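Architecture and fold: a report
The residues making up each chain are set out below.
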Amino acid sequence: MHGRFIVKKFIENICHRKYSFLMAIVVMTVTFYMLFDTLDIFLGLNYYIYEAKSVFATDTFLNVRLVSNLTDYTYSDKAADFICQLKEKYPDQFADFMYMNNVYYEVGEEEIEQKVLYINKNGLSLGKLRLVDESASDGCLKGYVCKEKLDVFPIGTVLENVNIGSKTKIVGYFDSGSEWMDTLLFPSTEPARLLNDYIVSEMDDNYFNMTSEFYMNMSNSLYILAENKEELNAMREQVQALAEQSGVMCIIDTLPEMIQREKEDKSEVIRATGILVLFVIAVAFTAMLTICCADVCSRHYETAVMCLNGVAPIDLYLMLLMENLVKGFISISIAICIYVKFGSVEKFFYRVSVPALIILGNLSIVLITTIAYQSIKQKKLLELIGGARL
């Protein structure tokens, strides 16, 4: 195996056949972009479920979702009664949270607008959010910010809610990149919310004392925690009885049930997208194989001379493989850049789609190179020489 020879011939081929090299790059970029676009859609459908599930620290809970009734003007009062009964019946198991995207605080003489995630004390058991305390609350609501935002909200900062007068004291922080489940777990556009720009606060009861309509803000984020899965069926019947007693309608599910329903709802889309991915893979593979074989077959004279001069088959193969890997690297890089610029990039894009495309692309290139190499093996030397004389 002659590494120096392989590199030398590789550089010579690019210099002498630069237009062919550029044309191959263009064709491979287009095919990789097609493959990437469909693969990204397919992986996204499945990764969404995985990402939503991974935010939870446990799956031994019931999710209670209230069904709205726009014709009943007293429905918010009924919902408030139902939620209060849940709190009384399950004081150590009832968990809820609420997002507020426009909370106005006074900090000294300055008024700021801030996004806040309110969680009750039991709610922290649901997720993997880890809060670090560094100060006492001194009678205020406990507040936490992203560690990188401590320069904006130092430990000890007191924020006064302009609308309801509650005071929140920043007593600690959480790590950058921390996530929490969305209010609408699966129907939402994002499987989880990144909390870097949020203040995480204890639940503020002053909102609910103001008006019972605030209880509907938690209509999809009510959870009942259980010690084991055997308790869930009995708890479901009890919660359903409380709902009927309060006059509200609700949907009660475990996490596996929600995941199964989501998979069933998306099964047809996943199947159709999977077929499309296979079709695009076949088209991409055929296009790259065609251009690779055309490039190899156009080198009859050069290949014949190399074989007559005793170039080892493995050296010839590695030379072709190096060429195609470089073309593939450039093509995949361009395809990714185009998609980042013009596509709809989600966070699973970098975690799953890019590695999958790189692995699939490299495997395709190795296979294509192997197939193309079969046409120039030494046993076909006489055919190559004959073709070179034409």
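Heads up: these notes are all about the structure in this document.

Rules used in this analysis
- For every chain, the first residue of the written sequence is number 1, and numbering continues from 1 along that sequence.
- In keeping with the model being predicted, local features are shown solely for residues with a pLDDT of at least 70 and side-chain atom pairs are shown and tallied solely at 80 or more, while totals for entire chains, interfaces and linings include all residues.
- As a rule here, side-chain values cover all heavy atoms of the structure and leave hydrogens and water aside.
- Pairing between strands is defined by DSSP: at least two bridges between them are needed.
- Helical segments are the DSSP runs of H or I of at least four residues, strand segments are the runs of E of at least two, and each set is numbered from the N terminus.
- Residues belong to one nonpolar core when they are buried, are Ala, Val, Leu, Ile, Met, Phe, Trp, Tyr or Cys, and are joined through side-chain atoms within 4.5 Å.
- Buried residues are those whose accessible area, probed at 1.4 Å on protein chains only, stays under 20% of the maximum for their type, while exposed residues exceed 50% and partly exposed ones sit between those limits.
- What makes a patch is a set of residues exposed beyond 30% relative accessible area and free of salt bridges, joined within 9 Å when like-charged and within 5 Å when nonpolar (Val, Leu, Ile, Met, Phe, Trp, Tyr).
- Accessible surface is estimated by sampling points in the Shrake-Rupley manner with a 1.4 Å probe; for residues, cover comes only from the protein chains shown.
- We define a salt bridge as a side-chain nitrogen of Lys or Arg found within 4 Å of a carboxyl oxygen belonging to Asp or Glu.
- Within this scheme the basic residues Lys and Arg register as positive and the acidic residues Asp and Glu register as negative, but His and the chain ends are omitted.
- By convention, the charge on Lys lies at NZ, on Arg at CZ, on Asp at CG and on Glu at CD.
- A fitted line through C-alpha atoms serves as each axis, taken over the contacting stretch for helices, and the angle formed by two N-to-C directions is quoted from 0 to 180°.
- Reported orientations rely on four angle classes, namely roughly parallel under 35 degrees, roughly antiparallel over 145, roughly perpendicular from 65 to 115, and oblique for the rest.
- Only Phe, Tyr and Trp rings are paired, with Trp represented by its six-membered ring, and only when their centres lie within 6.5 Å; those with planes under 30 degrees apart are stacked, over 60 edge-to-face, the remainder tilted.
- When the NZ atom of lysine or the CZ atom of arginine is within 6 Å of a ring's centre and also within 35 degrees of its normal, the charge is said to sit over that ring.
- The span expected for a helix works out to 1.5 Å for each residue beyond the first.
- For this analysis, residues touch if any pair of their heavy atoms sits within 4.5 Å.
- Crossing handedness is defined as follows: a turn of the near helix away from the far one that is anticlockwise and smaller than a right angle gives a left-handed crossing, while the clockwise case is right-handed.

With that settled, consider the pairing of strand β3 (residues 110-119). Where strand β2 (residues 94-107) and β3 come together, nine bridges link them in antiparallel fashion. Residue pairing across strands places Val107 opposite Glu110, the latter belonging to β3. In textbook terms, the turn of a hairpin is the stretch between consecutive antiparallel strands, and for β2 and β3 this stretch comprises two residues, one of which, Gly108, has a positive phi near 70°. Here five bridges tie β3 to strand β10 (residues 198-202), and the two strands are oriented parallel to one another. Within β10, the residue paired with Val116 across the bridge is Ile199.

In terms of nonpolar packing, the biggest core is built from 41 residues, with Leu66, Phe82, Tyr118 and Ile224 touching the most fellow members. Counting only elements with at least two residues in this core, the list comes to β1 (61-67), α3 (75-89), β2, β3, α4 (206-210), β11 (222-225), α5 (232-246) and β12 (249-253). The element best represented in this core is α3, accounting for six residues.

What follows deals with a negative patch on the surface. A cluster of acidic residues, Asp77, Asp81, Glu88 and Glu213, forms a negative patch on the protein surface. Within the secondary structure, Glu213 is located in the loop between α4 and β11.

Below, the discussion takes up the packing of helix α2 (residues 18-54) against helix α6 (residues 255-297). Running from N to C, α2 and α6 cross one another at 170°; their axes reach a closest spacing of 9 Å. With respect to α6, the element α2 is oriented roughly antiparallel.

Most of strand β7 (residues 167-174) sits out of view: seven of its eight residues are buried. Two elements, strand β4 (residues 132-133) and β7, share two bridges in a ladder whose sense is antiparallel. The partner of Val132 across the bridge, within β7, is Tyr173. As paired elements, strand β5 (residues 141-146) and β7 share six bridges and run parallel to each other. Paired with Tyr144 across the bridge in β7 is Gly172. In this sheet, β7 lies alongside strand β6 (residues 158-161) in antiparallel orientation, the contact comprising three bridges. Opposite Glu160, over in β7, you have Lys167 as the bridge partner. Remark: five residues form the turn of the hairpin made by β6 and β7, two consecutive strands paired antiparallel; Gly165 in that turn has positive phi of roughly 80°.

Looking now at the pattern of salt bridges. Scanning the entire structure with this criterion turns up nine salt bridges. Across the salt bridge formed by Lys142 and Asp133, the nearest N and O atoms sit 3.9 Å from each other. Its relative accessible area of 29% is what places Lys142 among the partly exposed residues. A network of salt bridges, in which partner residues are shared, links Arg65, Asp253 and Arg261.

What follows covers the packing of aromatic side chains. Per the stated rule, a full pass over the model turns up eight aromatic pairs. Centroid distance Phe97 to Tyr223: 6.0 Å. Interplanar angle 20°. Geometry classified as stacked. Taken together, the positions of Phe97 in strand β2 and Tyr223 in strand β11 put the pair 126 residues apart, joining distant regions of the chain. Exposure class is identical for Phe97 and Tyr223. Each is buried. Here the basic side chain of Lys89 rests over the ring of Tyr90, its NZ or CZ set 5.9 Å away from the ring centre. The ring of Tyr99 carries Arg193 above its face, with NZ or CZ at 3.8 Å from the centroid.

Bringing α3 into the picture now. Along its 15 residues, α3 runs 21 Å from first to last C-alpha, staying within 8% of the 21 Å computed at 1.5 Å per residue. Where α3 is buried, its residues contact β1, β2, β11, α5 and β12.

Positionally, Met28 belongs in helix α2. On the basis of relative accessibility, which here comes to 5%, the residue Met28 falls in the buried class. Expressed as a C-alpha distance, the spacing of Met28 and Ala287, which sit 259 residues apart in the sequence, is 7.8 Å. If we skip the residues at most four places from it in the chain, Met28 touches Met288, Asn324, Lys327, Gly328, Ser331 and Ile365.

Moving on, we get to a nonpolar patch on the surface. Taken together, the side chains of Met23, Val26, Val30, Met34, Leu276, Phe279 and Val283 define a hydrophobic patch exposed on the protein surface, amounting to about 620 Å² of accessible area. Listed by contribution, the elements that provide at least two residues to the nonpolar patch are α2 and α6. Examining the composition of the nonpolar patch, we find that four residues originate from one element, α2, more than from any other.

Before going further, it helps to examine the packing of α2 against helix α8 (residues 313-342). At their nearest, the axes of α2 and α8 sit 8 Å apart, and the two run at 50° to each other. In terms of their interaxial angle, α2 and α8 are classed as oblique. Crossing geometry of α2 relative to α8 is assigned as right-handed. For the pair formed by α2 and α8, the contact residues are Phe21, Ala24, Ile25, Met28, Thr29, Phe32, Tyr33, Phe36, Asp37 and Asp40 on the first element and Asn324, Val326, Lys327, Gly328, Ile330, Ser331, Ile332, Ile334, Ala335, Ile338 and Tyr339 on the second.

Interpretation in functional terms is not warranted from these geometric data alone.
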